[in-house]
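Below are the chains, spelled out letter by letter.
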Amino acid sequence: MTTGIGAHPLISFDVGPETIHVRDELEEQDLQLCATAPDELDPQPALTDLFMFPVDNAITVTVSELHADAYHGTALWNADGEHLGEFTTTPWELPRGTYFVNIQGTVNGYLRIDDATFTGVHRESESGDAPLEFTFDEPTQVSIGARSFHTRPQTTITVPDEPEAMLEALAYLGSSIKEYSCERSWPTLRGHPPAIERGDRLEIPPELSRPETGVTISVPATYADVYRVAPLVFYLGADVEVGDRPELRLENGYVEPLETDARSLEETVDELLETCLLLDSLTRADGYLSGPRYEYDELAPHLPFYPPNLYEESISAQLLEYLEVSPSLLEPYVPRWPMTAVLQPRPEDVELLPALLNVLSKVHVDDGTEETTVPAAPTPSETSVSTAKTGPRTATGLDSTTGTETNARQRAPTDRVLDRNRTESAPQSRSPILTCYTGSGTDVGIETGTDTDTDTKLPANASCIRREAFENALSYSLSEIADAEITYVTDSHPRGDRVRQTIDDTAPTHRLEPGRITVLEQPSKRDVARTLESDLDFLYCDLPVSSDGIECRDGVLDPAEVDDVGVKTFVLSGSAILTAGLELVRRGAFAGAILENAVSPDRVVRLTKTLLQGHPLVEAVRLTEIDDRSTVRFVGNPAHPIVRRDGGAIPQRLDVVSTSADEHDLFVYYQLTDFHRIGSVSRFIDDCAYDAYQLNGTTVRQPHRLSTSDVVSLLEDDSHVLRLNGQPYDGEVDPETFVRESVRRTLRDVQ
């Protein structure tokens, strides 16, 4: 095995006579490159600093040809860092020069090609794949580097049950960030923080170091305050000190209070986190990935600084400028945040912090001293995005496999339809996609096993989060859509028949391979236990659930009797309580929804359809309006998707609002998930769309209106969620009839 200078345990290389295996050790994934050399590849260690992008390890080989078969995307830059585009099936002849190439697959690979002329092309093959192939005019030294996707902890910090020790450990969590510049706003440059476990004394692995960014945050040594500042400490790479009052201190001597009589610590940290993420994404506009940006065009003329001028400045210098910007100016462009976690001021919750920071969750604390700010859950009418098979396409930015995403929904101003009087702008939702709790009274019923009011103490549409949920999600490899396994369990033959009929009528369930959907009627305890133990991507069970467990035809199955739950995501319906769902999470699942009332079979199948489009459970419940028909509470991490779309594509939603019989406004949104995290960008490619990327997690109204035929084309593509005038389209009628009836009804209501 070949390692590079300054070798990093995250990436290794195994070089054979004609193959180069690039291994992401943490993710246990490989990228295989095939090469032709004049004599031999002659692998040598390479400096990681040679690359334009951060890489964990690198080697240099001498090649005449080089190609890769398995990848999701490619990109090319010249020696000056100018983004030149992507390779296609048309050969691209490059003049002599130095170039950088990104090859995205299950491993994030990079090439540095020095002083060479070569041709790059995606070669067509009989299998339908298009291998990426480089042919060099002469033997050429190519440096091959890779950066781990780093979606899981590399190591573990041990902390005793003392807030002072946790405060010291907090500064090391930012060691997973690959580069402390504005580029860290790209999610793939923010690796998963080290795990934290409780122990007798503070133990920090020697390979970890405190980032040196010139930023210090001081807070009182309490669990509540340490938790509240954790996201900002992580993102800024700040040092942490004990102080009488929360403060942000910069190396140039500037001090910013983080708590005042008018603003709580939580409010200030939330606002600063939003400000830094958004303005960093503008400052990097001419950085690693250049390209037109919607938010840049809208905001830059109104900022007190020119964002590219800050690119080479220190974080302290950047923050001085950022703090001069009014939050009200930025608010319409701030992404809808993926998660807000409400922790308890106790040592038990410390082990959740790394997983929360990995998705850049905001952190609030329920300590009984002040009202915890928890925005209301949005209604499902908020804007959507999608692309048609025959028309619009989506282009994504840096590291699109794990790091590029798109807009979040906004709350509809009235009812379930976007107000037609407000379609000139698209103000963003201030509520997170998911609010999760570690406490809120639920622990009493769970720990004692008593039948308390556990369900009612957790707010509707929120989740009761547990560390096991994140750990379980990391243990699964997400299925491709065609390979997903789905099971519906019911105690009624008529419901079973209705489910089967709806499955036959509803896309995209037809994309599943035959036999991937099972309907189980009136099962025994053993039937249900086997189902829970099986490798299922999604289980819907409407059997009654009580404090004793799941009621089967021959008795009650206690989830604690199931040794190893293989189901990834589930929905329990009826009189279900949280204890049963949490037990399933403890034993292997990563997310579940608990419905107070059963919903119709067609609604259940629509939920499955939305999950198969790549949306996580929490959004699928909202998009199918199940939360309108039943009180819903979640367990685990329902922001984690159950399937991976082809090529790592981003789940998309569109909202279309009719303004006349043949004119329609289009709003675009790409779904934030644990795989498509905040800080990345996407672009909707169509004649009606902006010729610019938009920051994922925001809603953008497109500048040109659609015709009715355009809307029909979008409806014919079932790869996305589409709402027309607030009504989702599920293929129940032909698209033209659906549009005609929706327009007639909508325009009649306006008059």
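For the structure itself, look to the data block above.
Before going into details, it helps to say that this report is about the structure given with it. Note that the structure is predicted; figures quoted are calculated from it, not measured. (Residues numbered from 1 in each chain as written. Predicted model: local features only at pLDDT ≥ 70, side-chain atom pairs only at ≥ 80, totals over all residues. Heavy atoms only, no water.)

### Describing the packing of helix 1 (residues 163-170) against helix 2 (residues 223-236)
Two quantities define a packed helix pair, namely the angle between the helix axes and the distance between the axes.
So, point 1. Where helix 1 contacts helix 2, the two axes come as close as 10 Å, and the packing angle between them is 5°. Relative to helix 2, helix 1 is oriented roughly parallel. Along the contact surface, helix 1 presents Pro163, Met166, Leu167 and Leu170, while helix 2 presents Tyr223, Val226, Val229, Ala230 and Val233.
So, point 2. A breakdown of the residues in the contact of helix 1 with helix 2 according to their chemical character gives nine nonpolar, no polar and no charged. (Axes fitted to C-alpha atoms, helices over the stretch in contact; angles between N-to-C directions. Helix = DSSP H or I, 4+ residues; strand = E, 2+ residues; numbered from the N terminus. Parallel < 35°, antiparallel > 145°, perpendicular 65-115°, else oblique. Contact = heavy atoms within 4.5 Å. Nonpolar A, V, L, I, M, F, W, Y, C, P; charged D, E, K, R; others polar.)

### Examining the layout of surface pockets
Rolled over the atoms, a probe as big as a water molecule pinpoints where empty space is left.
So, point 1. In this model, the second largest pocket occupies a volume close to 730 Å³.
So, point 2. The wall of the second largest pocket is formed by 29 residues, among which Glu27, Thr151, Arg152, Arg644 and Phe675 lie closest to the centre.
So, point 3. Of all elements in the fold, only helix 7 (353-358) and helix 10 (467-474) reach the threshold of two or more residues within the lining of the second largest pocket.
So, point 4. Counting residues per element, the lining of the second largest pocket draws most heavily on helix 10, which supplies three residues.
So, point 5. Partitioning the lining of the second largest pocket into residue classes produces 10 nonpolar, 12 polar and seven charged. (1 Å grid on protein atoms, 1.4 Å probe; cavity = no way out; pocket = protein on both sides within 12 Å on 5 of 7 lines; lining within 4 Å. Points joined across faces, edges and corners; volume = space filled by probe spheres on them.)

### What to know about the environment of Pro494
So, point 1. Within the secondary structure layout, Pro494 lies in helix 11 (residues 493-505).
So, point 2. According to the relative accessible area criterion, Pro494 is exposed, its value standing at 59%.
So, point 3. C-alpha separation for the pair Pro494 and Pro601, spaced 107 residues apart in sequence, amounts to 9.9 Å. (Buried < 20%, exposed > 50% of the residue type's maximum accessible area, 1.4 Å probe, protein only.)

### Looking at the sheet that holds strand 23 (residues 486-490)
So, point 1. Here 10 strands make up an open sheet; going across it, the order is 18-17-20-21-31-30-29-25-23-24 and the pairing mixed. Every other strand in the sheet has two partners, leaving strand 18 (362-365) and strand 24 (517-521) as the edge strands with one partner each. (Pairing = 2+ DSSP bridges.)

### Some remarks on empty space enclosed by the protein
So, point 1. Going through the model one piece at a time under the given rule, you end up with eight cavities of 30 Å³ or more.
So, point 2. Roughly 110 Å³ of volume is contained in the largest cavity.
So, point 3. Taken together, 13 residues form the lining of the largest cavity, with Thr610, Val721, Pro728, Tyr729 and Asp730 sitting closest to its centre.
So, point 4. Counting only elements with at least two residues in the lining of the largest cavity, the list comes to helix 14 (601-612) and strand 38 (721-724).
So, point 5. Element by element, the count of residues in the lining of the largest cavity is highest for helix 14, at four residues.
So, point 6. Of the residues in the lining of the largest cavity, the class split is five nonpolar, four polar and four charged.

### Describing a negative patch on the surface
So, point 1. Where like charges cluster on the molecular surface, the negative patch consists of Asp548, Glu551, Asp558 and Glu561.
So, point 2. Within the element layout of this structure, Glu551 appears in strand 27 (residues 549-552).
So, point 3. Exposure remark for Glu551: the relative accessible area of 34% places this residue in the partly exposed category. (Patch = residues over 30% accessible without salt bridge, like charges linked within 9 Å, V, L, I, M, F, W, Y side chains within 5 Å. Areas by Shrake-Rupley, 256 points an atom, 1.4 Å probe, with all protein chains shown as cover. Salt bridge = Lys/Arg side-chain N within 4 Å of Asp/Glu carboxyl O. Lys, Arg positive; Asp, Glu negative; His and termini not counted. Charge placed at Lys NZ, Arg CZ, Asp CG, Glu CD.)

### Regarding the pattern of salt bridges
So, point 1. Taken as a whole, this structure holds 41 salt bridges when the rule is applied.
So, point 2. Of the charged contacts in the structure, one is a salt bridge between Arg152 and Glu27, with a shortest N-O distance of 3.8 Å. Within this pair, whereas Arg152 is found in the loop between strand 10 (132-147) and strand 11 (156-159), its partner Glu27 is found in the loop between strand 2 (19-24) and strand 3 (29-36), the two being separated by 125 residues in sequence.
So, point 3. When its relative accessible area of 22% is taken as the criterion, Arg152 is described as partly exposed.

### Details of the packing of aromatic side chains
So, point 1. This model, assessed by the stated rule, comprises 14 aromatic pairs.
So, point 2. Ring centres of Phe53 and Trp77 lie 4.6 Å apart, and the angle between their planes is 70°; this geometry places the pair in the edge-to-face category. A residue pair is termed long-range when its members are at least 10 positions apart, and Phe53 in the loop between strand 4 (44-45) and strand 5 (57-68) and Trp77 in strand 6 (residues 73-78) qualify at 24 residues. Each member of the pair, Phe53 as well as Trp77, is classed as buried.
So, point 3. Measuring from centroid to centroid gives 5.5 Å for Tyr99 and Phe118, while their planes differ by 80°, and the two rings are edge-to-face. One end of the pair, Tyr99, is in strand 8 (residues 92-104); the other, Phe118, is in strand 9 (residues 108-122), with 19 residues separating them in the sequence. One exposure class covers both Tyr99 and Phe118, and it is buried.
So, point 4. Among the aromatic residues, those joined into a ring-pair cluster are Phe87, Trp92, Tyr99, Phe118, Phe134 and Phe136.
So, point 5. One Lys or Arg, Arg184, reaches over the ring of Tyr235 and ends 4.4 Å from the middle of that ring.
So, point 6. Its end group placed over the ring of Tyr693, Arg683 keeps NZ or CZ at 5.2 Å from the ring centre. (Phe/Tyr/Trp six-rings, centres within 6.5 Å; stacked < 30°, edge-to-face > 60°. Lys NZ or Arg CZ within 6 Å of the ring centre and 35° of its normal.)

### Some words on the nonpolar core
Note that soluble globular proteins tend to have their nonpolar side chains buried in a common cluster.
So, point 1. The biggest cluster of nonpolar side chains holds 128 residues, and the ones touching the most others in it are Leu170, Ile217, Leu236 and Tyr488.
So, point 2. With 11 residues, the single largest contributor to this core is helix 2.
So, point 3. Beyond its immediate stretch of four places on either side in the chain, Leu170 contacts Val226, Val229, Ala230, Val233, Val240 and Leu353.
So, point 4. Of all hydrophobic cores here, the second largest spans 34 residues; its members include Phe13, Ala35, Ile113 and Ile144. (Core = buried A, V, L, I, M, F, W, Y, C linked by side-chain atoms within 4.5 Å.)

### Examining helix 1
Each α-helix turn comprises 3.6 residues. Residues three or four places apart therefore point the same way.
So, point 1. With six of eight residues buried, helix 1 is to be regarded as a mostly interior element.
So, point 2. Turning to helix 1, its buried residues number three or more, namely Pro163, Ala165, Met166, Leu167, Ala169 and Leu170.
So, point 3. Along its buried surface, helix 1 packs onto strand 11, strand 12 (195-198), strand 13 (215-219), helix 2, strand 14 (239-242) and helix 7.

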